[in-house]
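An overview of the molecular structure
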Amino acid sequence: MNIDYALLLALTSLIFSTGCAPKNPLPQNSNYSSYSIDVPFVAPRSELCGSTSIEMLSSYWQSNSSYTPRLSLKELDERTLIPAKGGTLQIELIAATRANALLAYPLEPTFDALFMELKDNHPVIVLVNRGFSWYPLWHYAPVTGYDAKSQTVLMHFGDKPNEAVPIGTFASIWQRSGNWGVVLLPPNELPASASGQKYLRSAYDFEKIGMVDEAIIAYKSALLRWPRDIAILFALGNAYYSTHQISSAEESYRKILLIDKTHPLALNNLADLLCHTNRTEEALKLLDTAVTTDTKIVSIIDATRKEISKGCISMLKN
Amino acid sequence: MKVSKLILSFILSTTLFAQVSFAQIASTEALDLGVVTVSSKEKLVQIISREDVLKRFEELGVDTKIIEARVASMTDEEASIVAHQIDTLPAGADAGMSIVGAIVFVFVVLLITDILGLTKVFNFTKPITNN
């Protein structure tokens, strides 16, 4: 009797020690209401849950905003599947999303962030491990809502649209991916849970792969929420400058100086712009007001000063 | 893991200043966004990373016509992570039952844990919940 009991206990603890879900995984005092987002369902195809998830969200945004997808489902398939791995990497899910002109913003790994997005009608793609760490079965699925009454997470899971997954089960399969989730948003839409810094990084990724127009739209929408964020203003100024939108670039740099009139990088770039628009005197005067002890920035400013005194090629038309 | 971390920190630790299209413009990365940037030294590392990804993708059966476009839509940091960690990164696949080849023990354990609501392997199980 005692031995049986011990054996049972040992077996149970073995099972539970591999990743047990608490009965109620939601943070204490949390009071989430029900959300339901009408996300078009796309039937699953073997190994292609990555591209299928992107497709569902891009058709959602197509019908709920001015967004137009760049890639067809076939192109998404080709860009996400790695045949020998039988699936899609998180990085490629993000890269293909970007190529499809949607911004992929990785969420903080919390229920709070997840529910904040759902509340704003932003469906979230999560990565779950349906098995164990020692027997992983990875799967991407869009979360489409939450039912507070039955405490179930709604998701397009495999061949079941809006499947109601008990919150405990969801928590344990989600936790095995480190609670990984992303929102896919048109660049004029901001994540509900975003921080300025992190959002800027995602937006700047557009620029890094040559999609400057999308980056500019994203910076501009970020400034609606964080109008005095110097980093975002600087990024926008640079993006304008690099695409020869001179007066918009000048405006962005000057906005920074209204907040911090000695900002060395903004002064440097504005001085360069002024020099290229035949305002050498003002350029040199501005450079002298830059305050910094950072040796790298000092050397950039010195180089700019030298460049300006040599004279710049005018970027003005005519 | 350790090697890739080393390489990453090497990339991250090199200069934060890059030249954009004009002589002395400070790039957005000069603001220290915590993002990787391009300097001559690390450019070399990143070119190698991208080539590594191209090569690995080919080995892993990715259609050669699309490989370049796929790598082109990755940022340098992303390409470098893929190049160094592709064997250990998870790849999300389907939601169907994949018990082919799995031994009976695994099947039974997963069945039990499914019913306990700890996993969600099979689509015919309904977890017992205390709700």
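The shown structure was predicted, so the numbers you read here are calculated from the model rather than taken from an experiment.

**Considerations on the interface of chain A and chain B**
With 77 residues of chain A at the interface, the matching set in chain B holds 61 residues. Taken together, the two surfaces of chain A and chain B that pack against each other cover about 5800 Å², and 64% of this comes from carbon and sulfur. Counting every contact that joins chain A to chain B gives 4 salt bridges. The salt bridge partner of Glu77(B) is Lys208(A), with a shortest N-O separation of 2.6 Å. Counting across the interface, chain A meets chain B through 25 residue pairs in polar contact (both at pLDDT 80 or more). For the side of chain A that touches chain B, the leading source of residues is helix H4 (residues 90-99) of chain A, giving 7 residues. Looking at side-chain class alone, the side of chain A that touches chain B contains 37 nonpolar, 23 polar and 17 charged residues. In the sheet, strand S2 (residues 88-89) of chain A pairs with strand S1 (residues 91-92) of chain B via 2 bridges, with the strands oriented antiparallel. Paired with Leu89(A) across the two strands is Ala91(B), which belongs to S1(B).

**Points about the nonpolar core**
Judged by nonpolar contacts, the single largest core of 106 residues is most densely connected at Phe111(A), Met155(A), Phe170(A), Tyr199(A) and Tyr219(A). Among the elements that make up this core, the one with the highest residue count is helix H9 (residues 230-242) of chain A (10 residues). In this structure Tyr219(A) touches Leu200(A), Ala203(A), Tyr204(A), Glu207(A), Ile232(A), Ala235(A), Leu236(A) and Ala239(A), once residues within four positions along its chain are discounted. Counting 18 residues, the second largest nonpolar core, distinct from the first, contains Leu89(A), Leu60(B), Ile67(B) and Val82(B).

Rules of the game
Residues numbered from 1 in each chain as written. Chains lettered and ligands numbered in written order. Predicted model: local features only at pLDDT ≥ 70, side-chain atom pairs only at ≥ 80, totals over all residues. Heavy atoms only, no water. Contact = heavy atoms within 4.5 Å. Buried area = accessible area lost by both parts, 1.4 Å probe. Salt bridge = Lys/Arg side-chain N within 4 Å of Asp/Glu carboxyl O. Polar contact = N/O pair within 3.5 Å; in protein donor to acceptor, adjacent residues only side chain to side chain. Helix = DSSP H or I, 4+ residues; strand = E, 2+ residues; numbered from the N terminus. Nonpolar A, V, L, I, M, F, W, Y, C, P; charged D, E, K, R; others polar. Pairing = 2+ DSSP bridges. Core = buried A, V, L, I, M, F, W, Y, C linked by side-chain atoms within 4.5 Å. Buried < 20%, exposed > 50% of the residue type's maximum accessible area, 1.4 Å probe, protein only.

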